[in-house]
Amino acid sequence: MLDRKYILANGDAVKQNCANRNVTVDVDRFIELESARKQKLQEVQELNTASNERSKLIGKAQDEAERESLKDEARALRDKKDAAQGEHDRMDDEARQIQLFIPNMAHPDCPVGVDDKSNLELARGKHEPRGFNFKPLDHLELGEKHDWIDFEGGARTTGNGFYFLKGDLVLLDLALQQFAVSELSKRGFLPTITPDLAQDSVLEGIGFNPRGPETQIYSVENMNLSLIGTAEITLGGLYSGKTMMDTDLPIKLCGISHCYRTEAGAAGRASRGLYRVHQFTKIEMFAFTLPEQSDEIHEELRQIECDLFDAIGVPFRVVDTATGDLGGPAYRKYDLEAWMPGRGDAGEWGEVTSTSNCTDYQSRRLNIRYKQKDKKGTNFVHTLNGTAFALSRALISILENHQNEDGSVTIPEVLRPIMGKDVMGK
RNA sequence: GGAAGAGUGGCUGAGUGGUCGAAAGCGCCUGAUUGCUAAUUAGGUGAACGGGUCAAACCGUUCCGCAGGUUCGAAUCCUGUCUCUUCCGCCA
């Protein structure tokens with residue numbers, strides 16, 4: 001969330017930002033409430049001071065009569081204070097409800113537009129989409145041919161949208177994980193396996209709503225636990241309420257977890273197969289940084305994503321996400337879209353990674369701060385996240401781009417030593 | 001899952017319902033001192049929020065795991081809850 005003082009001081013900019021991001025929220029009402037709340041707080045504190053002063057005198061009172069009259073005074077003051085406090089809390093609650101829906105400010109270079117049509121292509125990967133001198137299959141057809149993917153069994157066992165992976169595709173999945181984790185630890189990211197469940201309060205802190213009609217989250221009945229949609233949730237939770245030293249920043253983590261999403265309301269040809277599923281494994285980059293570092297680290301995350309997809313020989317483009325497509329917490333977001341020959345009639349770009357600089361939007365909610373040596377006070381860190389590999393979609397991109405006419409798939413060179421073979425499905 | 005015990009500042013650890021934001025020690029910072037990489041000594045040393053200031057200083061409120069309650073007043077009493085330790089049970 002945004003700083004309340006910032007909203008009060010920059011009302012017009014905040015309103016313009018909401019419009020750019022296609023978010024409807026009553027900023028004026030927030031400003032009205034917050035101004036009134038601050039005045040009320042002043043009143044509460046004054047009453048409390050007066051009440052505290054009386055109470056302290058009671059201990060030193062000489063006789064019973066004096067004591068009783070002081071008690072009456074103190075009690076009356078406390079009642080007035082409680083009443084004022086109640087009013088203050090009501091204003092505070094309502095202001096907070098609005099504040100939670102005010103999105104982060106957007107980077108000045110961020111393309112302005114209300115939806116993904118305004119996204120801007122920034123760059124391409126090393127590999128261009130290849131031509132096929134045969135009719136390429138999509139990953140589902142390849143998966144069925146080799147018995148690598150079993151959606152039918154997944155549906156029977158668990159439900160629609162769940163799947164079993166088998167055989168060489170499992171080896172490929174694990175090889176990708178190992179490759180990503182090893183690359184990331186070379187670059188200073190601490191490999192971290194997180195729980196797949198988190199408390200509802202942690203989900204709310206990151207900005208997810210775990211229960212309710214429109215939730216994307218699976219929750220556990222009779223417990224305040226939910227299955228995580230991304231390791232961002234647990235990694236943020238790990239540091240919530242913490243204060244770090246500036247010299248320890250940036251902290252870079254490589255989270256490994258399963259991700260669970262209900263994907264309510266999503267269906268259709270574009271969602272065929274592994275593209276949109278209820279469970280997948282993800283290797284996630286996460287960073288806590290000083291404010292002045294976050295732009296630079298964001299570029300680093302983007303570069304790592306490009307390097308990883310270049311390394312596995314998959315063509316992609318980098319997209320600068322438009323204001324309306326950013327989501328609440330992001331200040332700026334880059335997506336990598338991989339070429340997927342099996343999508344649409346003759347191939348389409350499909351999102352495979354996403355990296356966001358959330359500045360202090362999440363850390364303010366989660367109360368994650370840093371302290372500078374020899375300086376009073378603390379500040380909020382900046383948080384960033386980025387996908388290394390979302391395994392389900394990375395698998396699609398490899399199967400479809402590296403398929404051969406006989407239905408086999410050439411394994412990317414960097415994965416061959418890990419898998420111990422050059423071709424799968426031969 | 002059952003039983004018992006414990007949760008206090010960066011750490012260790014004291015704390016009879018009022019003078020406790022909290023003793024003491026360690027650590028850290030600043031100064032003094034001794035010519036020897038350290039000792040001695042004096043002082044200082046938490047955070048959030050609000051006010052104030054160019055910035056400080058400064059003033060106020062809140063915080064002793066968390067949330068409630070009793071009371072004029074709670075680190076201290078009561079209730080709930082979470083976490084940790086030990087013992088038992090179960091188990092990949």
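Residues numbered from 1 in each chain as written. Chains lettered and ligands numbered in written order. Predicted model: local features only at pLDDT ≥ 70, side-chain atom pairs only at ≥ 80, totals over all residues. Heavy atoms only, no water.

J.: Account for the pattern of salt bridges, with residues named and values stated.
T.: Counted by the stated rule, this structure contains 32 salt bridges. Taking the shortest distance from any N to any O, the salt bridge between R54 and E73 comes out at 2.4 Å. Of this pair, R54 sits in helix α3 (residues 27-60) while E73 is found in helix α4 (residues 64-101), placing the two residues 19 residues apart along the sequence. With its nearest N and O atoms 3.4 Å apart, the salt bridge here joins D147 to K166. Residue D147 is found in the loop between α5 (139-146) and β2 (149-150), and its partner K166 is found in the loop between β3 (164-165) and α7 (168-186); the two are separated by 19 residues along the sequence. (Salt bridge = Lys/Arg side-chain N within 4 Å of Asp/Glu carboxyl O. Helix = DSSP H or I, 4+ residues; strand = E, 2+ residues; numbered from the N terminus.)

J.: Quick rundown of the sheet that holds strand β14 (residues 378-380)? Include the residues and the values.
T.: The strands making up a sheet associate through backbone hydrogen bonding, with each pair oriented either parallel or antiparallel. Strand order in the open sheet formed by three strands is β7-β13-β14, and the pairing between neighbours is mixed. Sheet topology places β7 (243-245) and β14 at the edges, where each strand pairs with a single neighbour. Looking at each pair of strands side by side, their axes are set apart by 35° on average, direction ignored. The pairing of strand β13 (residues 369-371) with β14 spans three bridges and is antiparallel. Its bridge partner being in β14, R369 is matched across the sheet by F380. (Pairing = 2+ DSSP bridges. Axes fitted to C-alpha atoms, helices over the stretch in contact; angles between N-to-C directions.)

J.: Help me get a handle on the protein's contact with RNA strand B, residues and values and all.
T.: Inspection of the region around RNA strand B gives 20 residues, with S55, I58, R75, R78 and T378 positioned closest. What you see for RNA strand B is that sugar and phosphate hold 71% of its atoms within 4 Å of the protein. Side-chain polar atom of Q42 to a sugar or linking oxygen of RNA strand B: 3.2 Å apart, as the coordinates give it. In the model, a phosphate oxygen of RNA strand B is placed 2.5 Å from a nitrogen or oxygen of the T378 side chain. Element by element, the count of residues in the surface near RNA strand B is highest for α3, at 10 residues. Classifying every residue of the surface near RNA strand B by side-chain character gives three nonpolar, nine polar and eight charged. (Near = heavy atom within 4 Å. Polar contact = N/O pair within 3.5 Å; in protein donor to acceptor, adjacent residues only side chain to side chain. Nonpolar A, V, L, I, M, F, W, Y, C, P; charged D, E, K, R; others polar.)

J.: Lay out the packing of aromatic side chains in plain terms, naming residues and giving numbers.
T.: Aromatic ring pairs are described here by two measures, namely the spacing of the ring centres and the angle between the planes. Following the criterion strictly, the structure yields six aromatic pairs and no others. Between F132 and F134 the ring centres are 5.3 Å apart and the planes differ by 75°, which places this aromatic pair in the edge-to-face class. For F132, a relative accessible area of 22% translates into the label partly exposed. Note on F134: relative accessible area 15%, which makes it buried. Between F151 and Y163, the aromatic rings sit 5.6 Å apart at their centres with planes inclined by 45°, giving tilted as the arrangement. A residue pair is termed long-range when its members are at least 10 positions apart, and F151 in helix α6 (residues 151-157) and Y163 in the loop between α6 and β3 qualify at 12 residues. Joined through ring pairs, the aromatic side chains of Y239, F286 and F288 make up one cluster. Lying across the ring of Y334, R302 places its NZ or CZ 4.7 Å from the centre. Above the ring of Y275, the side-chain terminus of R393 is found at 3.7 Å from the ring centroid. (Phe/Tyr/Trp six-rings, centres within 6.5 Å; stacked < 30°, edge-to-face > 60°. Buried < 20%, exposed > 50% of the residue type's maximum accessible area, 1.4 Å probe, protein only. Lys NZ or Arg CZ within 6 Å of the ring centre and 35° of its normal.)

J.: Any details on the domain arrangement of chain A? Residues and values, ideally.
T.: As assigned here, chain A comprises domain 1 (4-101) and domain 2 (116-424). Between the C-alpha centres of domain 1 and domain 2 the distance comes to 43 Å. (Domains from an automatic or database assignment.)

J.: Describe in detail the nonpolar core, supporting the description with residues and values.
T.: L172, L176, I283, I312, F389, L415 and M424 are the most contacted members of the largest nonpolar core, which totals 53 residues. Breaking this core down by element, the ones donating at least two residues are α7, β8 (251-260), β9 (279-289), α10 (294-311), β10 (316-320), β11 (332-340), β15 (382-390) and α12 (391-401). When residues of this core are assigned to their parent elements, the largest contribution, eight residues, is made by α7. Leave out the neighbours within four places in its chain, and I283 touches Q177, A180, V181, L184, C254, G255, I256, T387, A388, F389 and L391. By size, the runner-up hydrophobic cluster in this structure holds 21 residues, among which are L203, Y239, I251 and L366. (Core = buried A, V, L, I, M, F, W, Y, C linked by side-chain atoms within 4.5 Å. Contact = heavy atoms within 4.5 Å.)

J.: Can you lay out the sheet that holds β10 for me, pointing to particular residues and giving the numbers?
T.: Taken in spatial order, the eight strands line up as β1-β10-β11-β12-β15-β9-β8-β4 in an open sheet, and their pairing is mixed. Looking at which strands have only one partner, the edges of the open sheet turn out to be β1 (120-124) and β4 (190-193). Neighbour-to-neighbour, the strand axes of this sheet turn through a mean angle of 30°, independent of strand direction. In this structure, β10 lies alongside β11, joined through five bridges in antiparallel fashion. Bridging from a neighbouring strand, D320 pairs with Y334 of β11. The strands touched by α7 are β4, β8, β9 and β15; relative to β9, the strand with the most contacts, the crossing angle is about 5°.

J.: Talk me through the side chain of S226; I want residue IDs and the actual numbers.
T.: The topology assignment puts S226 in strand β6 (residues 225-227). Judged by its relative accessible area of 0%, S226 is buried. A polar contact is formed between the side chain of S226 and the side chain of D200, at a distance of 2.7 Å. Ignoring anything within four residues of it in the chain, the contact list for S226 reads D196, L197, A198, D200, L203, P210, R211, I217, Y218, S219 and V220.

J.: Account for the pairing of β15, with residues named and values stated.
T.: Counting buried positions along β15 gives nine out of nine residues, so the element sits mostly inside the fold. Bridge count for β9 against β15 is eight bridges, and the pairing is antiparallel. Its bridge partner being in β15, I283 is matched across the sheet by F389. Where strand β12 (residues 348-357) and β15 come together, three bridges link them in antiparallel fashion. Residue pairing in the sheet places T355 in a bridge with G386 of β15.

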